[in-house]
Amino acid sequence: MTDSDTRRPATLAAQTLHSIDPATGGVVPVIQPSTTFVRDRDYQPLVDGRIYARDHAPNPEQAEALLTRLEGGTDALLFASGMAAAAAVVQALRPGDHIVAQNVMYWTLRSWMVSFCAEWGIGLDLVDTSQEGAFEEAVQTGKTKLVWIETPANPTWDVIDIAAVAEVAHAAGAQLVVDSTVVTPVLSRPLELGADIVFHSATKYLNGHSDVLAGALVTANEDPLWARIKDNRLNVGGVLGTFEAWLLLRGMRTLYLRVERCCENAMAIARHFDGHAAIEAVLYPGLESHPRHAVARKQMPGGFGGMLSLRIKGGREAALRCTANLNCFQRATSLGGVESLVEHRASVEGPDSPIPDDMLRLSVGVEDVEDLILDLETALA
Ligand SMILES: *Cc1c(COP(=O)(O)O)cnc(C)c1O
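What you see is a predicted model, and the numbers here were worked out from it, not measured in a lab. (Residues numbered from 1 in each chain as written. Predicted model: local features only at pLDDT ≥ 70, side-chain atom pairs only at ≥ 80, totals over all residues. Heavy atoms only, no water.)

Participant: Looking at this structure, I do not really get the overall build of the chain. What am I missing?
Facilitator: A count of helical and extended segments in the chain gives 15 helices and twelve strands. Compactness check: the chain gives a C-alpha radius of gyration of 21 Å against a globular reference of 21 Å for 381 residues, within 12% of the reference. With the C-alpha coordinates aligned to their principal axes, the bounding extent of the chain is approximately 75 × 50 × 35 Å. The buried share among the 381 residues of the chain stands at 53%. Put simply, the chain shows about 16500 Å² of open surface, and 53% of that area lies on carbon and sulfur atoms. Charge-centre separation for the chain: the mean point of 31 positive side chains lies 3 Å from the mean point of 48 negative side chains. (Helix = DSSP H or I, 4+ residues; strand = E, 2+ residues; numbered from the N terminus. Rg over C-alpha atoms; globule rule 2.2 N^0.38 Å. Buried < 20%, exposed > 50% of the residue type's maximum accessible area, 1.4 Å probe, protein only. Areas by Shrake-Rupley, 256 points an atom, 1.4 Å probe, with all protein chains shown as cover. Lys, Arg positive; Asp, Glu negative; His and termini not counted. Charge placed at Lys NZ, Arg CZ, Asp CG, Glu CD.)

Participant: How should the nonpolar core be read in this particular structure?
Facilitator: A general feature of soluble globular proteins is that nonpolar side chains tend to end up buried together. Grouped together as the largest cluster of nonpolar side chains are 90 residues, with contacts concentrated most on Val-147, Leu-176, Ile-269 and Leu-308. At ten residues, the largest contribution of residues to this core is made by helix α11 (residues 255-273). When residues of this core are sorted by domain, at least three fall in each of domain 1 (3-252) and domain 2 (256-380). Other than its neighbours up to four places away in sequence, Ile-269 contacts Leu-308, Phe-329, Leu-362, Val-364, Val-369, Leu-372, Ile-373 and Leu-376. (Core = buried A, V, L, I, M, F, W, Y, C linked by side-chain atoms within 4.5 Å. Domains from an automatic or database assignment. Contact = heavy atoms within 4.5 Å.)

Participant: Explain helix α4 (residues 82-90) here, please?
Facilitator: Residue pairs spaced three or four apart in an α-helix point in one direction, given the helix's 3.6 residues per turn. α4 sits mainly inside the fold: seven of its nine residues count as buried. Inspection of α4 places Gly-82, Ala-85, Ala-86, Ala-87, Ala-88, Val-89 and Val-90 among the buried residues, and these make up the whole buried set. A distance of 3.4 Å separates the backbone nitrogen of Met-83 from a side-chain oxygen at the start of α4, and that oxygen is part of Ser-81. (Polar contact = N/O pair within 3.5 Å; in protein donor to acceptor, adjacent residues only side chain to side chain.)

Participant: Please explain the sheet that holds strand β7 (residues 215-219) as it appears in this structure.
Facilitator: Strand pairing in a sheet relies on backbone hydrogen bonds. The paired strands run either parallel or antiparallel. Taken in spatial order, the seven strands make up an open sheet running β1-β7-β6-β5-β4-β2-β3, and their pairing is mixed. The open sheet is flanked by β1 (75-79) and β3 (123-127), the only strands paired with a single partner. Going from strand to strand, the sheet's axes swing by 20 degrees on average, the running direction of each strand aside. In the sheet, strand β2 (residues 98-102) pairs with β3 via five bridges, with the strands oriented parallel. Of the residues in β3, the one forming a bridge with Gln-102 is Val-127. The strands touched by helix α9 (residues 224-236) within the sheet are β1, β4 (144-150), β5 (175-179), β6 (197-201) and β7, with β1 carrying the most contacts at an inclination of about 30 degrees. (Pairing = 2+ DSSP bridges. Axes fitted to C-alpha atoms, helices over the stretch in contact; angles between N-to-C directions.)

Participant: Can you help me understand the pattern of salt bridges in this one?
Facilitator: Once their charged atoms are close, side chains differing in charge can pair, the charge on each being opposite to the other. Applying the stated rule across the entire model yields 13 salt bridges. The residue Arg-50 makes a salt bridge to Glu-61 at a minimum N-O spacing of 3.1 Å. Taken together, the residues span a long stretch of sequence, with Arg-50 in the loop between α2 (9-14) and α3 (58-71) and Glu-61 in helix α3 at a distance of eleven residues. For Glu-61, a relative accessible area of 27% corresponds to the partly exposed category. For the salt bridge of Arg-189 with Glu-192, the shortest nitrogen-to-oxygen distance reads 2.6 Å. Among the residues examined, Arg-189 registers a relative accessible area of 23% and is labelled partly exposed. You can call Glu-192 exposed: its relative accessible area is 55%. (Salt bridge = Lys/Arg side-chain N within 4 Å of Asp/Glu carboxyl O.)

Participant: How do you make sense of the sheet that holds strand β8 (residues 279-283) when you look at a structure like this?
Facilitator: Taken together, the five strands give an open sheet; going across it, the order is β8-β9-β12-β11-β10, and neighbouring strands pair in mixed fashion. Among the strands making up the open sheet, the edge pair consists of β8 and β10 (330-331).

Participant: How should I be thinking about the site of the ligand in this particular structure?
Facilitator: Inspection of the region around the ligand gives 14 residues, with Met-83, Asp-179, Ser-201, Thr-203 and Lys-204 positioned closest. Contacts to the ligand include Met-83, whose backbone N or O atom sits 2.8 Å from an oxygen atom. Between an oxygen atom of the ligand and a side-chain N or O atom of Ser-201, the distance comes to 2.8 Å. Across the complex, the protein chains shield 94% of the 380 Å² of accessible surface that the ligand would expose by itself. (Near = heavy atom within 4 Å.)

Participant: Whenever I open this one, the domain arrangement of the chain confuses me. Can you help?
Facilitator: By a widespread convention, an interface's size corresponds to the accessible area lost as its parts come together. Domain parsing of the chain yields domain 1 (3-252) and domain 2 (256-380). Here the C-alpha centre of domain 2 lies 26 Å away from the C-alpha centre of domain 1. Facing the 39 residues of domain 1 at the interface are 37 residues of domain 2. Across the interface of domain 1 and domain 2, roughly 3100 Å² is buried in total on both sides, 61% from carbon and sulfur atoms. (Buried area = accessible area lost by both parts, 1.4 Å probe.)

Written out as structure tokens, the structure is:
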């Protein structure tokens, strides 16, 4: 056993697995952009079985190795975006298979799943997770191959009990995928709770600086489903480029610090505006008043995350007026960066969206929280 086998995740992240460049002694991973790798005179790959970058590229592999350790998995795959990673999982199913997902989840993925499954003969049930027993009712033993959940779910931050859904999925012969984009391995490790695959839009907290698009999957087991997903990435080719992988590695070095600060700031904002005269409701799993606070406390021992939503008194118009008046929060989509963002999801999702139009989603960054609170106070006044 080497030191790096026993070191804790925050240490592994800060030191990118204690990587030292053997050629120079540099403490930062070297960028290796070559797309092709030489063979020896016996026509065998010269180093580590490397032949071509779509299959094995050094920098993406470093980021995959680190993420595998952070999530406690056995293997990881990076993709060119979160959507490419999610699509690789869904496309690993076959016509006649069945998926259970949730009604309120990341909107683009939900929309794509609905149309893809309809066109390719894959059954899809979207459940209302606020109903007890919703997953038990929706799974079809032998037919359901995938249960896909996101917790806390965008943008209402409803919490799902991962261990309970894992049992339901496994009893039906299905695998459980958890979208842990908002949670990160800092706050919770779904594979330890029974999930089979963890999904990340690495565009968000893992990179953390709003300057890389990337997606990631980490698996508990290298089983036949994982082999099909791996085959998809190799042959369909949605790989992450070398420079993006290097930036992602650099972002991950500060993951633990950033997420801790985002949680602290989000909790301070949630507490400040809970019961505020201009606010109908604060949606944040860290508040004791959240309907699934106990589940959140159990499965997110590291904290409750940097995302929350505010329902503004006065409806759509008041919510949009508030966003217009904000100066420190920036009006933009996405989440998980060091800078705070605000979004009116109902405007973005359109008329089919189940999201109330008085709701503003906040991605709370690492700024001084007093500036963020003052900005919201001023915009609501
Ligand atoms: C952003 C996001 C995705 C999609 O990832 P991209 O990197 O934008 O393709 C999926 N799930 C959640 C929760 C996200 O926030």
